[in-house]
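Below, each chain spelled out in residue letters.
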Amino acid sequence: MATESKTARALAETGERACWSCGAPRAAQFCSTCGKVQPPQSVDYFTFFGLPRKLNVDVPALQREFYELSRKLHPDLYGRTSKQEQEWSLEQSSLLNDAYRTLKDPIKRTEYLLRLEGVELEEQSKSATETARVTGEIKKQVVPPDLLEEVFELNMQLEELRMNRKMGEDDPALTGELEVHKTEFEKKYEVLTQELKQYWDQWDRVIDVDQEEKRRQVRDKMVDVLNRRNYIRNLVRDVNEALGS
Amino acid sequence: MSYSDKVLDHYSHPRNVGSMDKGSTDVGTGLVGAPECGDVMKLQIKVNPETSVIEDAKFKTFGCGSAIASSSLATEWVKGKTVDEALQIKNTDIVKELSLPPVKIHCSVLAEDAIRSAIHDWKKKRETPKPEIVEARS
């Protein structure tokens, strides 16, 4: 490309990042020297916003940064630039939107971070089953048995309720029982959310001191809490649907 | 995404839905769940104590069509097998039989877990001596 400076090419070859236009070391979205939009890099969302991989995020500051970048990447500003720059600004824009949507929500942020930290729930569950098959040992279920038991019972009641509704019958006792269970599960959900918040603080401290072992421990605890929390969230949603219909 | 014909068949005509007496020594119960989708699956087997052949199997699953089909198929497959033969069933066999898409592989994993868990429960019960035997020994 004609616009690509020699320095930029040289830096690209050595794996370093430089502005395509002026060759100066570049920031994630714009060159810090000449201000030109840069081709999107395959960086994680934290890096995209120049944030450390921490779970407590200053959301108002993130929002300001988001608006600032959105403005700078607005298509109107690229009407008279090269085709390439127009494309890059669009790509940067969509990356910006994804990154912001993921990081502003604390749960999505946590799930995203866990993926970055190598957590793959499905993959891990599958390989645990394979290990159990080979060794004959029992696979540890991610959802504790007593919670599963409760979930199963509640689902049975929900099914009964739906059947009754279909037949045009109403069972106030059953509805009342479901309401009680729902309240209990909502409480559990709140407790788990609080527990998760404690792990965010722990994580942020661990990341500062860079302790590999402790980092894994906190990571796995967060996975465990999130799993149980998701289960309860789905359940409460189903109860609400059934009671509302 | 559309379900395969076999999934649809099991989904609309699930085999062996129901439950057995959890307290019976010949019955093994497996209760497993997948937090990704909130599915919960219960699979029970009735085992002949002499031959270790699984004589009956029942299931009840709350979840998507693939989860229901996987557990329905699992009950069909374990019936008539010995416990050791049933332990050879792989989730990939279920995937193949039902043509499950990659996003539904966890349903087959859940079904295999349910079989294992039910067999484990049955074995555990068998190893625990019955109260009257304990009495006879003392």
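What counts, and where the lines are drawn
- Positions within a chain are numbered from 1, following the residues in the order the chain's sequence is written.
- The order in which chains are written sets their letters, starting at A; the order in which ligands are written sets their numbers, starting at 1.
- Totals for whole chains, interfaces and linings use every residue, but because this is a predicted model, local features are given only for residues with pLDDT of at least 70 and side-chain atom pairs only at 80 or more, for both listing and counting.
- Helix and strand assignments come from DSSP, with helices taken as H or I runs of at least 4 residues and strands as E runs of at least 2, each series counted from the N terminus.
- Computation of the radius of gyration draws on C-alpha atoms, with the globule rule given as 2.2 Å multiplied by the number of residues to the power 0.38.
- C-beta atoms are first placed from the backbone for all residues, and any pair lying within 7 Å is then listed as a contact.
- In the scheme used here, Gly and all other residues not listed as nonpolar or charged are polar, with Ala, Val, Leu, Ile, Met, Phe, Trp, Tyr, Cys and Pro taken as nonpolar and Asp, Glu, Lys and Arg as charged.
- Marked domain ranges trace back to an automatic or database domain assignment.
- Any residue surrounded by 20 or more other C-beta atoms within 10 Å of its C-beta is treated as buried, while 12 or fewer makes it exposed and the intermediate range makes it partly exposed; C-beta atoms here are placed from the backbone.
- Expected span of a helix, by definition, is 1.5 Å for each gap between consecutive residues, and there is one gap fewer than residues.
- Picture the helix axis, draw a direction to every C-beta atom, and the arc is the one those directions span.
- Pairing between strands is defined by DSSP: at least two bridges between the two strands are required.
- Fitted lines through C-alpha atoms serve as axes, helices being fitted only where they are in contact, and the angles separating the N-to-C directions of these axes extend from 0 to 180 degrees.
- Nonpolar cores are identified as sets of buried Ala, Val, Leu, Ile, Met, Phe, Trp, Tyr and Cys residues joined via C-beta atoms within 7 Å.

## Considering the overall build of chain B
And step 1. Helix and strand counts for chain B stand at 6 helices and 3 strands.
And step 2. Listing the helices and strands of chain B from first to last along the sequence gives α-β-β-β-α-α-α-α-α.
And step 3. Against the globule reference of 14 Å for 138 residues, chain B gives a C-alpha radius of gyration of 16 Å, in line with a compact fold.
And step 4. The principal-axis extents of the C-alpha atoms in chain B amount to approximately 60 × 30 × 20 Å.
And step 5. Taking as baseline every contact in chain B between residues at least 6 positions apart, the subset at least 24 positions apart corresponds to 64%.

## Brief notes about the interface of chain A and chain B
And step 1. Opposite the 23 residues of chain A that make contact, chain B presents 18 residues.
And step 2. Per element, the largest residue contribution to the side of chain A that touches chain B is 7 residues, and it comes from helix H6 (residues 121-135) of chain A.
And step 3. Of the residues in the side of chain A that touches chain B, the class split is 11 nonpolar, 7 polar and 5 charged.

## Digging into the domain arrangement of chain A
Residues and elements named next belong to chain A.
And step 1. Under the domain assignment, chain A is made up of domain 1 (6-104) and domain 2 (143-244).
And step 2. Between domain 1 and domain 2, the C-alpha centre-to-centre distance is 38 Å.
And step 3. Facing 5 residues of domain 1, the contacting portion of domain 2 comprises 5 residues.
And step 4. Residues of the side of domain 1 that touches domain 2, tallied by class, amount to 2 nonpolar, 1 polar and 2 charged.

## What about unusual backbone geometry?
For residues that are not glycine, phi is negative in most cases, and the peptide bond is trans in most cases.
Residues and elements named next belong to chain B.
And step 1. For Asn 16, which is not glycine, the phi dihedral falls at a positive 60°.
And step 2. As for its position among the elements, Asn 16 is in the loop between helix H1 (5-12) and strand S1 (27-34).
And step 3. Asn 16 gets classed as partly exposed once you count the C-beta atoms within 10 Å, which come to 19.
And step 4. The residue Ser 99 is not glycine, and still its phi comes out positive at about 50°.
And step 5. By the secondary structure assignment, Ser 99 is in the loop between helix H4 (91-98) and helix H5 (105-127).

## Digging into helix H7 (residues 145-166) of chain A
Since one α-helical turn is 3.6 residues long, residues separated by three or four positions face the same way.
All names here are of chain A.
And step 1. Between its first and last C-alpha, H7 extends 31 Å over 22 residues, near the 32 Å set by a 1.5 Å rise per residue.
And step 2. For H7, the set of buried residues is Leu 147, Val 151, Leu 154, Asn 155, Leu 158 and Leu 161. Within H7, the buried residues cover an arc of 120° as seen down the axis, which keeps them to one side. Facing away from the buried side of H7 by more than 90 degrees, the exposed set consists of Pro 145, Asp 146, Glu 153 and Met 163.

## Observations regarding the sheet that holds S1(B)
And step 1. Spatially, 3 strands are ordered S1-S2-S3 (chain B) in an open sheet, and the strand pairing comes out antiparallel. Single-partner strands in this sheet number two, and they are S1 and strand S3 (54-62) of chain B. Neighbouring strand axes in the sheet, compared pairwise and without regard to direction, differ in orientation by 15° on average.
And step 2. Both S1(B) and strand S2 (residues 39-47) of chain B contribute to a ladder of 8 bridges, which runs antiparallel. Its bridge partner being in S2(B), Leu31(B) is matched across the sheet by Lys42(B).
And step 3. Relative to the sheet, H7(A) contacts S1, S2 and S3 of chain B, its axis offset from that of S1(B) by approximately 90°.

## Let's talk about the nonpolar core
And step 1. Counting 59 residues, the largest nonpolar core has Met41(B), Leu110(B), Ala114(B) and Ile115(B) as its most contacted members.
And step 2. Residue contributions to this core peak at 10 residues, all from H5(B).
And step 3. Excluding residues within four positions of it along the chain, Ile115(B) makes contact with Gly30(B), Leu43(B), Ala74(B), Val78(B), Ala86(B) and Ile89(B).
And step 4. Judged by nonpolar contacts, the second largest core, of 10 residues, contains Tyr45(A), Phe48(A), Leu69(A) and Leu96(A).

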